[in-house]
Amino acid sequence: IEKRRWIIADEDENPIVRAKKLSMGIGFSKKKFNVTIDAYMKEVGGITTRGQAFQNQFEFVKAVGDYDVKGVDVLVQKEWKGVTTWFGYSYARNKYDFKALLPPVFPSNLDVSHSVQAALTYKRKGLQVGIGVKYNTGKPFTAPLISTPVVGGEIVFDSPNTSRLPDYFKLDFSTTYMFDISEKIRASMGISIWNILNRENVVNTYYVLLDGAPAIVQNKALDLTPNVSFRVYF
């Protein structure tokens, strides 16, 4: 169960989080065809290790530091004759800087270098059909040291966030149809299928000590998941 509490900010263990961001972008639009490109740099200071959900050698360490992220976002969108399609791509580099830790600079827990999302929808009268795809490179995690994984009853970790989860890929489909039951009542039926290819996507990995040896724990996204809906509007 998640617990939240208020903490008085100070300039020592609990500083106020401060952020600076610089961004610029360009856009092009003509005849329902749109392209935008945005580049950005962001620095956030005053973060703490306790607020980053570490599951490695820094899980119980108290330190104050910052992170910076640099990236580019691209969005392309086109509409024609009931069809709408869009494509998005993001590139980013996200890293921590905790001067009290060793090493002080390492990839952020949310460092996803490449991310791609695309979708296509078709509308005609009461029918709407859509298909979407999402892909991104894997997030970082920390694996135990291969040579000496356990010392003194504790896991000895490798350098923080130097391992990567497998790439994430998901294909979804959905369709809805709206129709009239009477002059004042309308209804809609819908079917959606998440993760059509039934791909195994690991979204988080960490290690615990089990019977004196490191044991891997993996959190996975949903497998193939169908959904059916029926709604009445009156």
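Residues numbered from 1 in each chain as written. Predicted model: local features only at pLDDT ≥ 70, side-chain atom pairs only at ≥ 80, totals over all residues. Heavy atoms only, no water.

> What exactly am I supposed to notice about the overall build of the protein chain here?
Of the regular secondary structure elements, the protein chain holds zero helices and 16 strands. Taken against the 2.2 N^0.38 rule, which gives 17 Å for 234 residues, the C-alpha radius of gyration of the protein chain at 23 Å runs more than 25% over that of a compact globule. By its C-alpha atoms, the protein chain is 75 × 45 × 35 Å across when sized along the principal axes. Counting the 234 residues in the protein chain, one finds 26% classified as buried. Considering only contacts in the protein chain between residues 6 or more positions apart, those separated by 24 or more positions represent 58%. Only carbon and sulfur atoms are counted for the fraction: they give 59% of the accessible area of the protein chain, which is about 16000 Å². Positive and negative side-chain charges of the protein chain, numbering 30 and 23 respectively, have mean locations separated by a distance of 12 Å. (Helix = DSSP H or I, 4+ residues; strand = E, 2+ residues; numbered from the N terminus. Rg over C-alpha atoms; globule rule 2.2 N^0.38 Å. Buried < 20%, exposed > 50% of the residue type's maximum accessible area, 1.4 Å probe, protein only. Contact = heavy atoms within 4.5 Å. Areas by Shrake-Rupley, 256 points an atom, 1.4 Å probe, with all protein chains shown as cover. Lys, Arg positive; Asp, Glu negative; His and termini not counted. Charge placed at Lys NZ, Arg CZ, Asp CG, Glu CD.)

> What is the right way to read the environment of L110 from this model?
Looking at where L110 falls in the secondary structure, it is placed in the loop between β5 (105-107) and β6 (114-124). Distance from L110 to V150, taken between C-alpha atoms, is 27 Å for residues 40 residues apart in sequence.

> Please explain the nonpolar core as it appears in this structure.
Counting residues in each nonpolar core, the largest one holds 13 residues, and the members touching the most others are I47, F54, Y67, Y96, F98, L101 and F106. Put simply, the parts of the chain that give this core at least two residues each are β2 (33-48), β3 (64-80) and β4 (83-97). Among the elements that make up this core, the one with the highest residue count is β2 (three residues). Residues within four places of F54 in sequence aside, it is in contact with T49, E59, Y96, F98, F106 and N109. Grouped together as the second largest cluster of nonpolar side chains are seven residues, A143, I155, F157 and V202 included. (Core = buried A, V, L, I, M, F, W, Y, C linked by side-chain atoms within 4.5 Å.)

> Quick question: what am I supposed to make of unusual backbone geometry here?
A negative phi holds for most residues other than glycine; trans holds for most peptide bonds. In this structure, the amide linkage connecting L102 to the following residue, P103, adopts the cis form with an omega of -5°. Looking at the element boundaries, P103 is found in the loop between β4 and β5. For K31, which is not a glycine, the phi torsion comes out positive at approximately 50°. Secondary-structure assignment places K31 in the loop between β1 (18-30) and β2. Residue classification places K31 among the exposed positions, given a relative accessible area of 69%. One non-glycine residue, K32, adopts positive backbone phi at about 60°. Note on placement: K32 falls in the loop between β1 and β2.

> Just to check I follow, could you spell out the packing of aromatic side chains for this structure?
The geometry of an aromatic ring pair is captured by two quantities: the separation of the ring centres and the angle between the planes. In total, this model carries ten aromatic pairs according to the counting rule given. One Lys or Arg, K21, reaches over the ring of Y40 and ends 5.7 Å from the middle of that ring. (Phe/Tyr/Trp six-rings, centres within 6.5 Å; stacked < 30°, edge-to-face > 60°. Lys NZ or Arg CZ within 6 Å of the ring centre and 35° of its normal.)

> Would you take a moment to explain the pairing of strand β14 (residues 202-210) for this structure?
A regular strand places its side chains so that they alternate between the two faces of the sheet. Bridge count for β14 against strand β15 (residues 213-220) is eight bridges, and the pairing is antiparallel. Paired with L210 across the bridge in β15 is A213. (Pairing = 2+ DSSP bridges.)

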